[in-house]
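Single-letter residue listing:
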Amino acid sequence: MKKHVVLTALGVFVTCFLSNASILLPSSSLLIAIEYSLIVNPIMVAFCAATGASIGELTGFCVGRYGGRIIPRKLYNWLHRQVKRHGYLMVFVFSALPLPVFDVVGMIAGALKMKVQNFLATCFCGKLIKFSIYVLVAQWVSMLVK
């Protein structure tokens with residue numbers, strides 16, 4: 001593999017990790033993945049972005065497991081009931097959606113003592129779908145414009 005491709009993959013991973021490590025702040029990881037996908041292999045970009053973003057979501061998970069409450073009570077109660085009832089399905093669905101609400105779901109998953117490896121695997125699957133869709137749509141639009 002060429003050196004610039006490896007460095008690009010590492011760059012996508014690190015920037016997506018850092019942008020998703022924030023809690024309750026909008027993330028620019030989708031824009032990062034879209035931009036990089038126009039330069040190098042879009043499938044590799046989606047995979048690296050999903051991996052970095054999933055690991056970055058562990059900050060919210062750890063806040064839920066070990067931290068205090070910083071979420072509005074009404075939203076927390078509703079999401080808590082849903083995550084408790086539907087567990088990994090909620091993690092998967094919310095990780096696939098481009099919404100900052102996933103931080104809250106991650107905190108609740110941590111508070112409910114979900115297994116870290118199961119949380120990460122489920123989160124990765126949802127994020128891989130999300131990034132793949134955005135990257136492939138960007139490729140399609142890019143081909144239309146040319």
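Bear in mind the structure is a predicted one, so any value in this text is a computation, not a measurement.

Undergrad: Account for the overall build of the protein chain, naming residues and giving values.
TA: Tallying secondary structure elements over the protein chain gives eight helices and zero strands in all. The N-to-C order of helical and strand elements in the protein chain reads α-α-α-α-α-α-α-α. The C-alpha atoms of the protein chain give a radius of gyration of 16 Å, which matches the 15 Å a tight globule of 146 residues would have. A principal-axis box enclosing the C-alpha atoms of the protein chain has dimensions of 50 × 30 × 25 Å.

Undergrad: With reference to specific residues and values, describe the layout of surface pockets.
TA: By volume, the largest pocket is sized at about 250 Å³. Around the largest pocket sit 19 residues that line it, and Asn20, Ser27, Leu99, Pro100 and Lys130 are the ones nearest its centre. Mapped onto the lining of the largest pocket, the elements with two or more residues apiece are α1 (3-20), α2 (29-37), α7 (102-111) and α8 (116-145). Per-element tally for the lining of the largest pocket: the top contributor is α2, with three residues. A breakdown of the residues in the lining of the largest pocket according to their chemical character gives nine nonpolar, six polar and four charged.

Undergrad: Tell me about the side chain of Asp103, residues and numbers included.
TA: Position of Asp103 among the secondary structure elements: in helix α7. Buried and unpaired, Asp103 has no salt bridge, with Lys127 as the nearest side chain of opposite charge at 6.9 Å. Not counting residues up to four positions away in its chain, the partners in contact with Asp103 are Ser22, Ile23, Leu24, Leu25 and Glu57.

Undergrad: Could you give an account of α8, with specific residues and numbers?
TA: The α-helix winds at 3.6 residues per turn, so residues separated by three or four positions along the chain end up facing the same way. Under the 1.5 Å per step criterion, the end-to-end length of α8 is 43 Å for 30 residues, consistent within 8% with the ideal 44 Å. Considered for burial, the residues of α8 that qualify are Phe119, Thr122, Cys123, Gly126, Lys127, Lys130, Phe131, Ser132, Val135, Ala138 and Ser142. Where α8 is buried, its residues meet α1, α2, α3 (42-56), α4 (58-66), α6 (88-96) and α7.

Undergrad: Would you mind going over the packing of aromatic side chains in detail, with residue names and values included?
TA: The tally for this structure, following the rule as stated, stands at three aromatic pairs. Taking the centre distance of 6.1 Å and the plane angle of 15° together, the rings of Phe102 and Phe119 count as stacked. Of this pair, Phe102 sits in helix α7 while Phe119 sits in helix α8, and the two are 17 residues apart along the sequence. Relative accessible area serves as the criterion here: at 2%, Phe102 is assigned to the buried category. Through a chain of ring-to-ring contacts, three or more aromatic side chains come together here, namely Phe61, Phe102 and Phe119. For the cation-ring pair, Lys130 lies above Phe131, with the distance from its terminal atom to the ring centre recorded as 5.6 Å.

Undergrad: Now, about the side chain of Ser95: what can you tell me, with residues and values included?
TA: With respect to the helices, strands and loops of the structure, Ser95 is situated in helix α6. In this structure Ser95 comes out as buried when scored by relative accessible area, which is 0%. Polar side-chain contacts of Ser95 include one of 2.9 Å to the backbone oxygen of Phe92. Not counting the four nearest positions on each side in its chain, Ser95 is found in contact with Phe102, Thr122, Cys123, Gly126, Lys127 and Lys130.

Undergrad: Outline the pattern of salt bridges, listing residues and values.
TA: In the structure shown here, the tally under the stated rule is one salt bridge. With a shortest N-O distance of 3.2 Å, Lys127 and Glu57 are connected by a salt bridge. Here the residue Lys127 occupies a position in helix α8, and Glu57 occupies one in the loop between α3 and α4, the gap between them amounting to 70 residues. An identical accessibility class is assigned to Lys127 and Glu57; each is buried.

Calculation criteria
Residues numbered from 1 in each chain as written. Predicted model: local features only at pLDDT ≥ 70, side-chain atom pairs only at ≥ 80, totals over all residues. Heavy atoms only, no water. Helix = DSSP H or I, 4+ residues; strand = E, 2+ residues; numbered from the N terminus. Rg over C-alpha atoms; globule rule 2.2 N^0.38 Å. 1 Å grid on protein atoms, 1.4 Å probe; cavity = no way out; pocket = protein on both sides within 12 Å on 5 of 7 lines; lining within 4 Å. Points joined across faces, edges and corners; volume = space filled by probe spheres on them. Nonpolar A, V, L, I, M, F, W, Y, C, P; charged D, E, K, R; others polar. Buried < 20%, exposed > 50% of the residue type's maximum accessible area, 1.4 Å probe, protein only. Lys, Arg positive; Asp, Glu negative; His and termini not counted. Salt bridge = Lys/Arg side-chain N within 4 Å of Asp/Glu carboxyl O. Contact = heavy atoms within 4.5 Å. Expected span 1.5 Å × (residues − 1). Phe/Tyr/Trp six-rings, centres within 6.5 Å; stacked < 30°, edge-to-face > 60°. Lys NZ or Arg CZ within 6 Å of the ring centre and 35° of its normal. Polar contact = N/O pair within 3.5 Å; in protein donor to acceptor, adjacent residues only side chain to side chain.

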